[in-house]
Structures are given as C-alpha cells and as structure tokens.
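Summary of the model geometry
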Amino acid sequence: MASKSTVFASLNRIVEMSLQCCFGGTTIQTLKLASIPSRMYSSSSLRSSTAISRRLTLFKTLTVTLSRNSIHRFPFFIRALSSAAAAPQPVVDSPATASVDYFVKPQWKAAIDFKSILENKTAAAANLNNRNSNANLELVIELYERLLELQKEVEELRYERNTVANKMKGKVEPLERQRLIEEGKSLKEKLLTLEEDLVKLTDALQREAQCIPNMTHPDVPIGGEDSSTIRNMVGAPHEFTFPIKDHVQLGKELDLFDFDAAAEVSGSKFYYLKNEAVLLEMGLINWTLSEVMKRGFIPLTTPEIARSLVVEKCGFQPRGDNTQVYSIEGTDQCLIGTAEIPVGGIHMDSILADSSLPLKYVAYSHCFRTEAGAAGAATRGLYRVHQFSKVEMFILCRPEESNAYHEELIAIEEDLFSKLGLHFKTLDMATGDLGAPAYRKYDVEAWMPGLGRYGEISSASNCTDYQSRRLGIRFRPESTNPTNTKKSKSRNVNPPEFVHTLNATACAVPRMIVCLLENYQQEDGSVVIPEPLRPFMGGIQVITPKLK
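Note that the structure is a prediction, hence the values are computed from the model and not measured.

**Some remarks on the overall build of the chain**
- Secondary structure assignment for the chain yields 16 helices and 21 strands.
- Across the chain, contacts joining residues at least 24 apart in sequence account for 77% of those joining residues at least 6 apart.
- When the accessible area of the chain is evaluated, it comes to approximately 26000 Å², of which 52% is carbon and sulfur surface.

Here's what the structure looks like:
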C-alpha cells in the first residue's frame, strides 16, 4: 500500500501537468506551482481517513473541468491517476527536479467581482461571445461556487475548534480534557486539509477568472474589425501630379534610413534613422509633449523594463507563442511594449486621495514588440518594427468620469493630427478587435499615399476598472455630508473604490514619419516639414536630396 505522502505527491504532479489556463483569451499557459511544506506530509497531519478522498474530489473538480476544452488530456489524467493509486513510485528529488514546485500558486491576485459575474451571467456570456473570447465562464462559476462551499466548511470547522478550545479553559475532568484534546487534534487536522484545498481552489479560480475580458460599452459595434464604424473623417487626401513614392524609397533617396545595416546588427524590422530623420523624431516627440502638457498632463520618462507581473496586471501576456512581449531570459522582467505598463504601475497597490483625481500623465519611452505573426508588404519599412519611440497619454479618474475623459483623449489625438495636416478617420472599434482590458476603443487611421491605404497611427482606450482591479489602484471618495465633524468622519470614512484607467497614443514616431514623408513629398524628391514641427527641428523647412 502506497504511503499517503507518495499519493499526494503523485496527485500534485498530475495537477501540474493537467491544470492549464489561457491569458489574454488566446494563449494557453501552465500554472506555476510551489512546493507543499514537508509537514503537510507528516503522519500527524494525514490521519484523517477522508484526506485523500477529499483531495481526489478537489483535483477531479479542477482537472476534469479544466480539461473540457482539451479532451485529449482527460484519458492521460485517468491513466496517471490510476497508476498513482495502484503502483506509485517514491518521489525522489534529483538536481534536475529538486526545485520543481507542486502547489498551485499564482504570483498575484486580481480583485475580480465574482458576485457581479454571477448576477450578470447572461450578459457576461454574451460579452465573451461578442469578443470571440475563449475564457471559460461556466468553469469560473463552478469553481467559485465550490469555493463558497469550501469557505463555509472551513468557517464551521474553525468555529468548532474554537468551541473546543474554550471548553478547556475552565476546570475540566481529566478524561473529558483528554477527549477534548483528541477532538481538537482531529479538528486541526481536518482544518489543515481544508485550508490547503481552499488555497488551491482559490488559485485555480484566479487563473481561470483572469482570462475573462472587460465588459463592453453598449454602443460598441458587434463583430470583427470590418464591423468597426467611422465616427469622424478629417481632411482630404493630398493630390499629387507626379508618381508617388513610398517612405522606403523616399528614405533611401534622402539618406534618412538604413535598414540593411540594422538587419546585420540586430535582425529584421530594426532600423537606423539618419540625418534629418533623427531631427524629425526628436521634433515630433518634443512638439507632442509640449502640446499635451498644455492640457494639464504631467510629463514622464519611464523605465523600459517592467516585471512580468506588472505586464500581466495591465492585461498583456508576457509568455506564449504569439506574445508581443520580449521577456528577459532568467528573470521575471520584460521589455515594455508601451509606456502604459510602467505608468499604470506607478500607483500600484495604493489608495489615492479623491482630490488628486484625475491624474493625467504623458509619457515618453522606447517600446519593444515581437510583432509575432506579422508579415507581408504592408509591414515593410517603418510601418511595423520591433523598437520605436512613442508618446503615450494615461489617465486615472473617478468611475463616473471615464467616458468623458475617453472623449477628451480622442479629441486631443484628432487635434494633434489635424495640426500636422494629415487626412485621417477615427473608428469606433468592434468587439472582435478589442483587447482584454478595453471597455471601448477608438482607433485613428491616417492616409498613407505611398502604401495606398489607411494605416493605424493611434488608439484611445477606456479600460474602466479592469487594470485597477489587477494593479490595486483605488481612491477614497470624499464625504458629501457637510455636517460631519472630524470625530464622525473618522468613524464614517467612505470605503475605497477602484479608479478607472484610460490610455491613448499621442505619437507613435515611426508611423508618423511614414505619414509625413509620404504626404509631404514633392516632385523634385524633397519633403516639406509641417510648419508646427519646424521650431522643434532647428528651423528646417524642407528635407532635400543629398548631393552625390
């Protein structure tokens, strides 16, 4: 007969191989596991005859339900479970496996509103369908209901244990004391087992629930990207009386880029900017910052490396085959794909004063993206690259204000691009094109004559409390009762609420360069600099071909 510790160790190995969860609705990831302390395998903690059966019930709940989307794993689980029970092998740590962890333990927990999910199950299911999400709502509800049952059992056992302890405080007959001691030990062992199961179930629920995307604004069009609607059209395409060149040809003739050398040094989709292109990048950044700061935004430069957990909390997936995130091997750090990540982390795990809201930031950073799956002529040149400079706007505000600030952000973007003389359209993006954090998203697509199409140059998203619930950013509303005294305020402080977060791109430099070169090209091969940028480029008005 196998020892109970061996059975538990085998079960944990099975769970490690079986429990998987999606991140961002697309990528499957194995749950991280952490070791169970050896005391949990001691004979004193495993005396209860129900310990193994209770574990088996929990593991079946977690593994069988999680396997519904991966039926091919289920037979393996049954075979492994049978072999573990019938002929388990001793668990021996080797140098290669000694550090392997077996206890399900996520690195962080989101303050997910499970009550709201239960109360709005139909709406939540429709939202998942509209957004083409593969999050398993039924599993989340099943795990949550099991969690509530287990929590009730734990509380009842704690009450019983406390009752027994209280009985032993007074004068008790020796035989009765011994009986109470044994009963207390039994309750302690049962409680330890239940608490272990509660932690595992809580963590499995978190991993699955974190796959659920934000709810969606009722006015967002339903469908794929083609279902997105135009909310505004600004300007008209530039008219040319000569053959149009794309930015790659213009950059080569004006000696502005070097893609070949960058490919040798760093790989494909990297580039050197040269000559006036360098000044153009700097001019775009400084002009954009100055324009946005006029609207009350606080300027920032940010770290360009962030911990993986911050990346995850912001709604990005740092691992997986199709991830856009560069992870640093051997660390828990990633290169940022947008300043939204480090700016979102500034106030992580804090309670803000109501009077400090809204907080408006405009951040400059370099951004790094793998661009996994991107290929084709539409991605050549500067249009889709691995590294680029970007100016990002980020707002933290009260929940009732986020829709209004979303409109403010898109108005700022439209004003910036209008001042540069671009022809563009603003789109209300359909449900199928929304990222997990976005409640609603507007995209700006500018006309790029060299490419012969519109290309995305910016977006603005209202993420409501999706990110703040993960990042732990709250505020404490001020009391609205003017008759409160200082003494009463201390007793009647308003409970903290989660802020809403919004983000918007003020300037993604490479695509702005594409737009400016292609729209302002001249018949003689030169490119005119838009007037607002000239003071930020040392007064340069035209980029002219270099003398050979």
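Let us keep going from here.
**Focus on the packing of helix H10 (residues 276-293) against helix H16 (residues 509-519)**
- One can describe the packing of H10 onto H16 by two numbers: an axis separation of 10 Å at closest approach and a directional angle of 115°. Relative to H16, H10 is oriented roughly perpendicular. Viewed along their axes, H10 and H16 form a crossing whose handedness is right-handed. Contacts between H10 and H16 involve Ala 277, Leu 280, Glu 281, Leu 284 and Ile 285 on the former and, on the latter, Val 509, Met 512, Ile 513 and Leu 516.
- Split into classes, the residues belonging to the contact of H10 with H16 amount to eight nonpolar, no polar and one charged.

**A short note on helix H6 (residues 137-167)**
- In this model H6 runs 45 Å from its N-terminal to its C-terminal C-alpha over 31 residues, within 8% of the 45 Å that 1.5 Å per residue would give.
- By the burial criterion, the buried members of H6 are Leu 137, Leu 139, Val 140, Ile 141, Leu 143, Tyr 144, Arg 146, Leu 147, Leu 150, Val 154, Leu 157 and Val 164.
- Where H6 begins, the capping side chain belongs to Asn 136, and its oxygen is found 3.4 Å from the backbone nitrogen of Glu 138.

**Section: the sheet that holds strand S15 (residues 440-448)**
- With mixed pairing, the eight strands of this open sheet are ordered in space as S5-S14-S15-S16-S19-S13-S12-S8. Only two strands of the sheet have a single neighbouring strand rather than two, namely strand S5 (229-234) and strand S8 (298-301). Each neighbouring strand pair of the sheet contributes to a mean axis angle of 25°, computed without reference to strand direction.
- Across nine bridges, S15 lies against strand S16 (residues 453-462) in antiparallel orientation. The residue bridging Tyr 442 from the neighbouring strand is Ala 460, located in S16.
- Sheet strands touched by H10: S8, strand S12 (359-368), strand S13 (387-397) and strand S19 (500-508). Its angle to S13, the strand with the most contacts, is close to 10°.

**A look at the pairing of S13**
- Burial of S13 is extensive: 10 of the 11 residues sit out of reach of the surface.
- In this structure, S12 lies alongside S13, joined through 10 bridges in antiparallel fashion. Residue pairing for S13: Val 362 is matched across the bridge by Met 393.
- As paired strands, S13 and S19 are joined by eight bridges and run antiparallel to one another. Bridging from a neighbouring strand, Phe 394 pairs with Asn 503 of S19.

**Here we look at the pattern of salt bridges**
- Taken as a whole and assessed by the stated rule, the structure comprises 29 salt bridges.
- With a shortest N-O distance of 3.6 Å, Glu 149 and Arg 146 are connected by a salt bridge. Of this pair, Glu 149 and Arg 146 both sit in helix H6, three residues apart, roughly one helical turn.
- Relative accessible area serves as the criterion here: at 46%, Glu 149 is assigned to the partly exposed category.
- Note that Glu 291 is salt-bridged to Arg 295, the shortest N-O span being 4.0 Å.
- Exposure remark for Glu 291: the relative accessible area of 7% places this residue in the buried category.
- Through salt bridges with shared partners, a single ionic network connects Glu 291, Lys 294, Arg 295, Asp 415 and Lys 419.

**Focus on the confidence of the model for the chain**
- This prediction gives the chain a mean pLDDT of 81; 76% of its residues lie at or above 70.
- Confidence drops under a pLDDT of 50 for residues 59-106, and excluding neighbours within four residues, the segment shows 84 contacts in the predicted structure.
- Here residues 485-489 is modelled with pLDDT under 50, and outside its nearest four sequence neighbours on either side it reaches one contact, counting other chains as well.

**Focus on the sheet that holds strand S17 (residues 473-476)**
- In spatial order, the strands read S11-S17-S18; together these three strands make up an open sheet with mixed pairing. Each edge of the open sheet is held by one strand with a lone partner, namely strand S11 (350-353) and strand S18 (497-498).
- Note: S11 against S17, four bridges, orientation parallel. Residue pairing for S17: Ile 351 is matched across the bridge by Arg 474.

The rules behind the values
- Residues numbered from 1 in each chain as written.
- Predicted model: local features only at pLDDT ≥ 70, side-chain atom pairs only at ≥ 80, totals over all residues.
- Heavy atoms only, no water.
- Helix = DSSP H or I, 4+ residues; strand = E, 2+ residues; numbered from the N terminus.
- Contact = heavy atoms within 4.5 Å.
- Areas by Shrake-Rupley, 256 points an atom, 1.4 Å probe, with all protein chains shown as cover.
- Axes fitted to C-alpha atoms, helices over the stretch in contact; angles between N-to-C directions.
- Parallel < 35°, antiparallel > 145°, perpendicular 65-115°, else oblique.
- Left-handed = near helix turned anticlockwise from the far one by under 90°.
- Nonpolar A, V, L, I, M, F, W, Y, C, P; charged D, E, K, R; others polar.
- Expected span 1.5 Å × (residues − 1).
- Buried < 20%, exposed > 50% of the residue type's maximum accessible area, 1.4 Å probe, protein only.
- Polar contact = N/O pair within 3.5 Å; in protein donor to acceptor, adjacent residues only side chain to side chain.
- Pairing = 2+ DSSP bridges.
- Salt bridge = Lys/Arg side-chain N within 4 Å of Asp/Glu carboxyl O.
- pLDDT = per-residue confidence, 0-100.

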